[in-house]
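Topology and contacts: notes
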Amino acid sequence: MQEPLLRFDDVSKVYRNGVQGLSHVSFSVEAGEFVAVIGPSGAGKSTLLRSINRLQDITSGRVLIRGEDISRESGRKLRAMRAGIGMIFQNYNLVYRLSVMQNVLHGRLGYMSSWRGMLGLYSEEDREKAAALLEEIQMGDFLNARAADLSGGQKQRVGIARAFMQEPELLLCDEPIASLDPSSAKIIMDMLSAMTKRRHMACLVNLHQIDAAKTYAGRIIGLRRGTVVFDGPPEALTDAAVETIYGVPASELAMKECVS
Amino acid sequence: MMNRQELYVCRTMAGILLLSFLIATYYTGFDPMAVLLHLGEAWTFLTEDFLPPRFQFTPVILESLAVTVALAISSASVAAVLAAGAAVLGSELLSPSKALAAAVRGTATFLRNIPTLVWAFILFSSLGVGTGVGFTALVITSFAFMTRTFIEVIDEIPAGVVESLTAVGASFWERIFQCVFPSCITGFISWYLYCLEVNIRSSTIVGMVGGGGIGMVLLSYLKAFKYAEASGIILMIAVIVILVDRLTDFLRKKAAE
Ligand SMILES: Nc1ncnc2c1ncn2[C@@H]1O[C@H](COP(=O)(O)OP(=O)(O)OP(=O)(O)O)[C@@H](O)[C@H]1O
Ligand SMILES: [Mg+2]
C-alpha cells in the first residue's frame, strides 16, 4: 500500500508551560484533498498545522510526509522537506520593505544553494514563473510595488503566490481570511480552492467560519482541546457534531458570530 | 492643582536635590561665590584672547580636519558592519543559541558604558598614541552602541515574518539577507547616521588626548597660547559638526522614504 501524502500517527504536543496543544492525534490526508480544520479558539488548530512543517516540535508520535518522518529530520533534509510544503498566514508575513516580485521569488529559497538565495540570484525561469503566477492571481500590475503598500486582500494574494512558487504537494493555511473583509475573504477562498484543484494539491485550512468550511472543503476535521472529535465530509457536520466541537449549541454559535 | 501626594513628592525631590548639592559642594571644595567673582576675569579672557578668531587655512589644519572627519566616518562604518553581525547573534529571535544572545548583549552593554575617552586612554597607554588607536577607541564604543540599537531594530520585525521564510525552507543566511536586513535597513541607517554625528564630536576629543586630527592641532595651539587661532579652529569644527548634522538629517529622511 502506498503511503499517504500526510499522516499523523498518534501525535501529542505538550507546551513547556504544561498546556496540551495536541493529544493523540491520528489522521491522514491524500493528494488533492481540501480539508478544513475547525474548532474553538485554543483547540490546537495552529499547533496542528505548525507541527507539519516543524515550525514547532511535537512531543511524541510521528508526522509522516510521504512516509518520511519530518520530526526526525534536520539541516538540509528538513529544508528540502519544508520546501515541498507551502504555508499561508493570517497576517500574510511578507517582507514588507521588498517588492511583490521579490516576495514571490522567496518561494524558491528552499530549492537554491544558500549563497545564491542570500544574494537573490534567481534563475530567469523562476522569474518568469513568478510573473505568470502573479498574472494568475490578478496582481500582474503590482510586480514592482512594495508589499507594504498593498491592501490586506492583495497581501494575502502575494502570500498565496509565494506558497505556490514552491510547487508544493501540500498547502497549509492558518486562518487565511481571518483578517479580511467578507468580499476579499471570498476572493481568497475561491482562489485557494481553484488553484489547488487545478494542480491536484492537498490543502489544510484552519478556519473560524463554519459556513466557509462547509462551502469549500471536501472534508472537515473538528478539534477540541487538542483532540480530533470530528472527521468527515461537510454533509456529516450536523448541529450535534458542531456542538461536540464547540461545546455550545450550533444556534448559539451562529448568534455569537453575528454579534462579533 | 497638585494633590497632597504630588506635593509631598515634589518637596522630597527638592529636598534631596538641595542636600546633594550641599554634600557635593562640601566634598569637592567647590565655591559658588568664587565662580561669580572670577566671572569677570573669565569674560576678559574670552573676549580679549579668543576674540576675534583668526582663521587659518594652512594645509596642516585642513588636512587634520579631514583626518578627524575621516576618522569619524570610517570608525562608524567599520563598527556598523561588525554590529550588524553581532546584532544577529544577539537577538533572541535569530541567535543560534539563547546563551550566545545573552553574552553578546551583555558584552555590548559593558563596552558601551565605558566612555570613548576612557577607551582612548586605556589604548594609548598600552599601544601608544596615533590615529590608529583613536580609530580603535571610536570603533569600540560605536560598535557597542550600534549592536544594542540594531538588536532593538531587529526585535521590531513583526512576529512571523522571519518564520514565513523558515517555512519555505530558507537557510539561516537566506533568512538574514532576504528578510532581516531588508526589513531593518532603514533603522540601521538611521542609527548609523546618529553614530556618525556623535563620532564627529568624539573624534575631535579623542584627537586632543593623542588620537591625531584636528583635536591634536587645536591642543597644540592652546598650549602655545595662540588663542585667536584656536578659536578659529573651534569655529571651523563647529561648522563641520553643523554641516554633518544637516547632512545626516537629510539622509535619514531620504532613507525613510
Ligand atoms: N508557544 C506556546 N507556548 C505555550 N502555549 C501555547 C503556545 N502556543 C499555543 N499554546 C497553547 O496551546 C493551545 C492551542 O493553541 P493553538 O494556537 O494551536 O490554538 P488555535 O486552535 O490555533 O486557536 P486560535 O483559534 O485562537 O488561533 C492553546 O491553549 C494555547 O494557549
Ligand atoms: Mg490559531
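Residues numbered from 1 in each chain as written. Chains lettered and ligands numbered in written order. Predicted model: local features only at pLDDT ≥ 70, side-chain atom pairs only at ≥ 80, totals over all residues. Heavy atoms only, no water.

Quick word on the nonpolar core
Proteins that are soluble and globular tend to have nonpolar side chains buried together. Ranked by size, the top nonpolar core spans 88 residues in total, and within it A:Leu171, A:Leu207, A:Leu237, B:Met146, B:Ile154 and B:Val180 carry the most contacts. Of all the elements, helix H8 (residues 172-211) of chain B adds the most residues to this core, at ten residues. Those residues in contact with A:Leu207, other than ones at most four positions away along the chain, are A:Ala36, A:Val37, A:Ile38, A:Lys45, A:Ile177, A:Met189, A:Ala212 and A:Ala213. A:Leu6, A:Ala43, A:Leu49 and A:Leu172 belong to the second-largest nonpolar core, a separate cluster that totals 31 residues. (Core = buried A, V, L, I, M, F, W, Y, C linked by side-chain atoms within 4.5 Å. Buried < 20%, exposed > 50% of the residue type's maximum accessible area, 1.4 Å probe, protein only. Helix = DSSP H or I, 4+ residues; strand = E, 2+ residues; numbered from the N terminus. Contact = heavy atoms within 4.5 Å.)

Some points on the site of ligand 1
All names here are of chain A. In the vicinity of ligand 1, 13 residues are found, and the nearest of them are Ser41, Gly42, Lys45, Ser46 and Thr47. Contact distances for ligand 1 include 3.2 Å between an oxygen atom and a backbone N or O atom of Ala43. Gly44 places a main-chain nitrogen or oxygen 3.0 Å from an oxygen atom of ligand 1. Here ligand 1 loses 63% of its free accessible area of 630 Å² to cover by the protein chains. Of the residues in the shell around ligand 1, the class split is four nonpolar, seven polar and two charged. (Near = heavy atom within 4 Å. Polar contact = N/O pair within 3.5 Å; in protein donor to acceptor, adjacent residues only side chain to side chain. Areas by Shrake-Rupley, 256 points an atom, 1.4 Å probe, with all protein chains shown as cover. Nonpolar A, V, L, I, M, F, W, Y, C, P; charged D, E, K, R; others polar.)

Some words on H8(B)
Side chains that are three or four residues apart share a direction in an α-helix, a result of its 3.6 residues per turn. Residues and elements named next belong to chain B. Under the 1.5 Å per step criterion, the end-to-end length of H8 is only 40 Å for 40 residues, more than 12% shorter than the ideal 58 Å. Maximum bend of H8: about 55°, positioned at Ile185. Gly212 lies just past H8 and shows a positive phi near 80°. (Expected span 1.5 Å × (residues − 1). Bend = angle between axes of the 7 residues up to and from the residue.)

Brief notes about the interface of chain A and chain B
Interfaces are often sized by the amount of accessible area the parts lose when they come together. Counting from both sides, the interface comprises 30 residues of chain A and, opposite them, 22 residues of chain B. Carbon and sulfur atoms make up 56% of the surface buried where chain A meets chain B, a total of about 2000 Å² over both sides. One can count two salt bridges joining chain A with chain B. Here A:Arg79 ties to B:Glu174 by a salt bridge, and the two come within 3.3 Å at their closest N and O atoms. Remark: the boundary between chain A and chain B carries eleven residue pairs in polar contact (both at pLDDT 80 or more). Secondary-structure elements contributing two or more residues to the side of chain A that touches chain B are helix H2 (75-83), strand E6 (85-88) and helix H4 (114-119) of chain A. Among the elements that line the side of chain A that touches chain B, the one with the most residues is H4(A), at four residues. Of the residues that constitute the side of chain A that touches chain B, the class distribution is 14 nonpolar, ten polar and six charged. (Buried area = accessible area lost by both parts, 1.4 Å probe. Salt bridge = Lys/Arg side-chain N within 4 Å of Asp/Glu carboxyl O.)

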